[in-house]
Amino acid sequence: MSRGEEISKVRHRMQELVESIREHQYRYYVEDKPTISDGEFDALLRELQALEQENPRLIDPNSPTLDIGGGFATHFAQVDHLEKMMSLDNVFDDEELEEWFDRVEGKTEESLTWLCEVKVDGLAINLLYENGRLVRGLTRGNGTTGEDVTLNVKTIKNIPTSLQGGDPTFKIPDLIEVRGEVHFPLLAFQELNEAIAESGKAPFANPRNAAAGSLRQKDPRTTASRPLSLIVHGIGRIAGVEFSSQGDAYKAMASWGLPTSAHVKVVSTRSEVKEYIKYFLEHRHDLDHEIDGVVIKVNERRAQEAIGFTSRAPRWAIAYKYPPEEVTTKLLDIRVSVGRTGRVTPFAYLEPVHVAGSTVTHATLHNQMEVARKGILIGDTVIIRKAGDVIPEVLGAVIERRDGNEKAFVMPTSCPECGSELAAASEGDVDIRCLNTRSCPAQLRERLFYIGSRQALDIDVLGYESANALLASGAITDEGDLFDLNKKELGKIDFFCKKDGSLSATAEKFLVALEGAKERPLWRVLVALSIRHVGPTAAAALADHFGSMESIRSATVEELAEVDGVGSIIAESIIEWFSEGWHRKIIEKWRKAGVRMDLVRARSGKQTLVGLTIVATGSLVNFTRDSIIEAITSHGGKASSSVSKKTDFVVAGDGAGSKLEKAEELGIRVLNEAEFATLLESGPSAIK
């Protein structure tokens, strides 16, 4: 292999890692539904860090190693932290811990002590107190900006809304940012999941997800009904008070009524740190909350300042991550599932086994090469790893327990759902796919479910059951029909009807959700299309760069690849997706139904159209279909796709048809392009 080919291969792998890590960060921080274990995520991040260290010229400016993580827009207001809320670097064994000790001690001449605390597995939070009063609560977000969850935070019983000055030694500061972890106590988590399961809904995968999901509720009353708890572990910006040590800071926070951990310990030697780590590894299940390791910090504040920070983490603190838990069980069968992009994935069908707080019956096997690599046979006793992770993983077989009745897994050659032939979609594709993309029931179901997910268009009711009902009834033939659904169509489907045949509240809720989903930002629409490799990060970059779906569709592979965070692989995937005629029809159907196909930018233009609803029809000289929508919205108006009594103006160009006729029928003012330009500039009074 030539040097050029080697560099190309490394660059390709680094890009794959960046995209994969970003995708998993979104699932973890925004959806609260991670799909890989912490250990797997850490392995991806460490591989990327190693490649970047060896190839600094190939580092992507948007690499997740350069930031804190998580920062994706949601329905909560985005607010900046006063002081950056950093992450922690990790070590996984005593050798790496010793290397960290050496680095830290080499940066200061002071004699150091070490503060040890358990690493609570929860949701990081930043509380701002001014003159002792709680004024704001933010999630970590991207470390610089977090989500404002103040109202929800105030419902957590052990978070004081006012600090108390119980100990005269520690004066209440004029201003302080308190950092901590919101978590779900284990007993309460078990009770909550039982109640959710009884109601027929999907239970939370683990306490961390339950904490994150509960804190990020739109209605604070829901948060208040959940027994969340906080443990504080640090300070951001502070004014009016100084501390000589981390331990003193914790004592002060406890005296003010803040919930500090009962397991904090300051020690003087490395061996004492290791004893602390060993103790809680053995006693981790004795605690009332989950932990995934231990945090070690330099105790002396002056030494912390001297040791300093990287761009994303303090050098004076480290997280010692515990290995995930493992159990053994019987592998009853290996089956396959078909995903939304046609990828056929083997999964283990297991004899039920209890691990990390839940009963496991299925575990991922990733692909057929992974099955072969691990040497797993059907009938084996296998090792399962979960440790609080969402998707359990098969690590390997216990060879010595084989009795000769085991058999090898053979990847099917036809799709288990539609019978189509399975093959690699392109040369070099390691995954086997069902190529019947348009009509394979499994792919259709998975795509519909994904459209309804919070990662895509966040449509209430659109889950697996409703997707199956819609497809089985013939109400929709592909996702393009989704936004054309109405009461009449739903009234023919049992899932959406009461016993007396009338529409259920679920149907009404679904229709409202569909209407709301039409206003989702462009990047979410891109994600919802299930274009291979286009996750939230790439979609946001594409939407911001091109501004409209039409511009993305018209771009060349070179223009797409030049966008930060996209690259050649994603660019080629986009070109391939748009080359399919039925894909383009989906976009056209959604557009006609009123789904937003442009980027809603900051409203910097004159707000001349506030309160006005405008419909554009026909071909205009100076506006594309997308740019006129952007012009309307950037000036404060609402761009609608259909004419009704609520429409204020219709802008008509050449070839205007039924919308123009409807406007004339309803007596709605029709504008030509010049009049529309006047309306944008001066408002409705200028054209009357």
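Placed above this text is the structure.
This paragraph deals with the sheet that holds strand β10 (residues 291-298). The strand order across the open sheet formed by 5 strands is β2-β11-β10-β3-β9, and the pairing between neighbours is mixed. In this open sheet, the two edge strands, each paired with only one partner strand, are β2 (90-91) and β9 (265-267). Pairing analysis gives 3 bridges linking strand β3 (residues 114-120) to β9, with the strands arranged antiparallel. Residue pairing for β9: Leu-115 is matched across the bridge by Val-266.

The 4 strands are arranged β5-β4-β7-β8 in an open sheet whose pairing can be described as antiparallel. This sheet does not close on itself; its edge strands, each paired only once, are β5 (133-139) and β8 (229-239). Each neighbouring strand pair of the sheet contributes to a mean axis angle of 25 degrees, computed without reference to strand direction. Sheet topology places strand β4 (residues 123-130) next to strand β7 (residues 175-183); 8 bridges connect them, and they run antiparallel. Its bridge partner lying in β7, Ala-124 is registered against Glu-181.

The terminal C-alpha atoms of helix α12 (residues 441-452) lie 17 Å apart, and with 12 residues this matches the ideal 16 Å at 1.5 Å per residue to within 8%. The buried fraction of α12 amounts to 10 of the 12 residues, a majority that puts the element mostly inside the structure. Among the residues of α12, those classed as buried are Ala-442, Gln-443, Leu-444, Arg-445, Glu-446, Arg-447, Leu-448, Tyr-450, Ile-451 and Gly-452.

Here the focus is the side chain of Thr-345. For Thr-345, the position within the fold is in strand β13 (residues 344-355). Setting aside anything within four residues of it in sequence, one finds Thr-345 in contact with Arg-335, Val-336, Ser-337 and His-366.

Now for the packing of helix α3 (residues 94-105) against helix α9 (residues 270-282). Their axes nearest at 12 Å, the elements α3 and α9 cross at an angle of 140 degrees. Here α9 runs oblique to α3, going by the angle between their axes. Crossing geometry of α3 relative to α9 is assigned as right-handed. Listed contacts from α9 to Asp-94, Leu-97, Glu-98, Phe-101, Asp-102 and Glu-105 of α3 are Arg-270, Val-273, Lys-274 and Ile-277. Here the contact of α3 with α9 is built from residues that sort into 4 nonpolar, no polar and 6 charged.

Let's shift gears to the state of the cysteines. Taken as a whole and assessed by the stated rule, the structure comprises 0 disulfides. Free of any disulfide, Cys-418 has its nearest cysteine sulfur in Cys-434, 3.6 Å distant.

Moving on, we come to helix α15 (residues 505-517). The end-to-end C-alpha separation of α15 is 18 Å, in line with the 18 Å expected for 13 residues at 1.5 Å each. Within α15, burial applies to Ala-507, Phe-510, Leu-511, Ala-513, Leu-514 and Ala-517. Viewed along the axis of α15, the buried residues span an arc of 160 degrees, placing them on a single side of the element. Of the exposed residues in α15, those oriented more than 90 degrees away from the buried face are Ala-505 and Val-512. Lining the buried residues of α15 we find α13 (464-473) and α14 (487-490).

On the surface, a cluster of negative charge is contributed by Asp-93, Asp-94, Glu-95 and Glu-99. Examined against the element boundaries, Glu-95 turns out to sit in helix α3. Classification of Glu-95 by relative accessible area gives exposed; the value is 58%.

So, about empty space enclosed by the protein. A complete count under the given rule lists 1 cavity of 30 Å³ or more for this structure. Every residue along the wall of the largest cavity is listed here: Asp-80, His-81, Leu-82, Asn-126, Leu-127, Leu-128, Arg-136, Leu-138 and Glu-177. Of all the secondary structure elements, the ones that give two or more residues to the lining of the largest cavity are β4 and β5. No other element matches β4, which puts 3 residues into the lining of the largest cavity.

Across all of its chains, the model carries 28 salt bridges by this definition. When the shortest N-O distance is used, the salt bridge between Arg-46 and Glu-96 registers 2.2 Å. Of this pair, Arg-46 sits in helix α2 (residues 38-54) while Glu-96 sits in helix α3, and the two are 50 residues apart along the sequence. A residue is classified by how much of its surface remains accessible, and Arg-46, at 37% relative accessible area, is partly exposed.

Turning our attention to the environment of Val-595. Residue position: Val-595 is located in the loop between α21 (581-593) and β19 (613-617). A relative accessible area of 4% places Val-595 in the buried class. Sequence separation between Val-595 and Arg-520 is 75 residues; the distance between their C-alpha atoms is 7.8 Å. Leaving out residues up to four positions away in the same chain, Val-595 has contacts with Phe-483, Lys-518, Val-525 and Trp-590.

Let us now look at the side chain of Thr-329. Relative to the helices and strands, Thr-329 resides in strand β12 (residues 326-338). Within the local environment of Thr-329, its side chain forms a polar contact with the backbone oxygen of Glu-351, the two atoms lying 2.7 Å apart. Every residue in contact with Thr-329, bar those within four places of it in the chain, is listed here: Leu-350, Glu-351, Pro-352, Val-353, Asp-380, Thr-381, Val-382 and Ile-384.

The next thing to look at is the nonpolar core. By size, the foremost hydrophobic cluster in this structure holds 59 residues, and its most contacted members are Ile-459, Leu-470, Leu-482, Phe-483, Phe-510 and Trp-590. Where this core is concerned, the elements lending two or more residues are α12, α13, α15, α16 (522-528), α17 (536-546), α18 (549-554), α20 (567-578) and α21. Leaving out residues up to four positions away in the same chain, Phe-510 has contacts with Ile-459, Asp-460, Val-461, Leu-462, Leu-470, Leu-482, Leu-485, Leu-490 and Phe-496. Counting residues in hydrophobic clusters, the runner-up holds 36 residues, among them Val-178, Val-182, Ala-188 and Ala-249.

Per the stated rule, a full pass over the model turns up 13 aromatic pairs. Both rings, one in Trp-577 and one in Phe-578, keep their centres 5.1 Å apart while their planes meet at 80 degrees; by these two values the pair is edge-to-face. With a relative accessible area of 8%, Trp-577 lands in the buried category. The rings of Trp-100, Phe-101 and Trp-114 are connected pair by pair, giving a single aromatic cluster. When the ring centre of Tyr-349 is taken as reference, the NZ or CZ atom of Arg-335 above it lies at 3.9 Å. Taking the ring centre of Tyr-450 as reference, the NZ or CZ of Arg-340 above it sits at 3.5 Å.

A separate point is the packing of α12 against α13. Where α12 contacts α13, the two axes come as close as 9 Å, and the packing angle between them is 130 degrees. As judged from the angle between their axes, α12 and α13 are oblique. Considering only the axes of α12 and α13, their crossing is right-handed. Contacts between α12 and α13 involve Pro-441, Leu-444, Arg-445, Glu-446, Leu-448 and Phe-449 from the first element and Tyr-464, Ala-467, Asn-468 and Leu-471 from the second.

Now for unusual backbone geometry. Most peptide bonds adopt trans geometry, and most residues besides glycine take a negative phi value. Backbone geometry at Val-461 places phi at a positive 80 degrees, although glycine is not the residue there. Val-461 gets classed as partly exposed once you look at its relative accessible area, which sits at 26%. The backbone phi angle of His-533 is positive, close to 75 degrees, even though this residue is not glycine. Position of His-533 among the secondary structure elements: in the loop between α16 and α17. Using a relative accessible area of 40% as the deciding quantity, one classes His-533 as partly exposed.

Conventions and cut-offs
Residues numbered from 1 in each chain as written. Predicted model: local features only at pLDDT ≥ 70, side-chain atom pairs only at ≥ 80, totals over all residues. Heavy atoms only, no water. Pairing = 2+ DSSP bridges. Helix = DSSP H or I, 4+ residues; strand = E, 2+ residues; numbered from the N terminus. Axes fitted to C-alpha atoms, helices over the stretch in contact; angles between N-to-C directions. Expected span 1.5 Å × (residues − 1). Buried < 20%, exposed > 50% of the residue type's maximum accessible area, 1.4 Å probe, protein only. Contact = heavy atoms within 4.5 Å. Parallel < 35°, antiparallel > 145°, perpendicular 65-115°, else oblique. Left-handed = near helix turned anticlockwise from the far one by under 90°. Nonpolar A, V, L, I, M, F, W, Y, C, P; charged D, E, K, R; others polar. Disulfide = S-S within 2.5 Å. Arc of directions from axis to C-beta. Patch = residues over 30% accessible without salt bridge, like charges linked within 9 Å, V, L, I, M, F, W, Y side chains within 5 Å. Areas by Shrake-Rupley, 256 points an atom, 1.4 Å probe, with all protein chains shown as cover. Salt bridge = Lys/Arg side-chain N within 4 Å of Asp/Glu carboxyl O. Lys, Arg positive; Asp, Glu negative; His and termini not counted. Charge placed at Lys NZ, Arg CZ, Asp CG, Glu CD. 1 Å grid on protein atoms, 1.4 Å probe; cavity = no way out; pocket = protein on both sides within 12 Å on 5 of 7 lines; lining within 4 Å. Points joined across faces, edges and corners; volume = space filled by probe spheres on them. Polar contact = N/O pair within 3.5 Å; in protein donor to acceptor, adjacent residues only side chain to side chain. Core = buried A, V, L, I, M, F, W, Y, C linked by side-chain atoms within 4.5 Å. Phe/Tyr/Trp six-rings, centres within 6.5 Å; stacked < 30°, edge-to-face > 60°. Lys NZ or Arg CZ within 6 Å of the ring centre and 35° of its normal.

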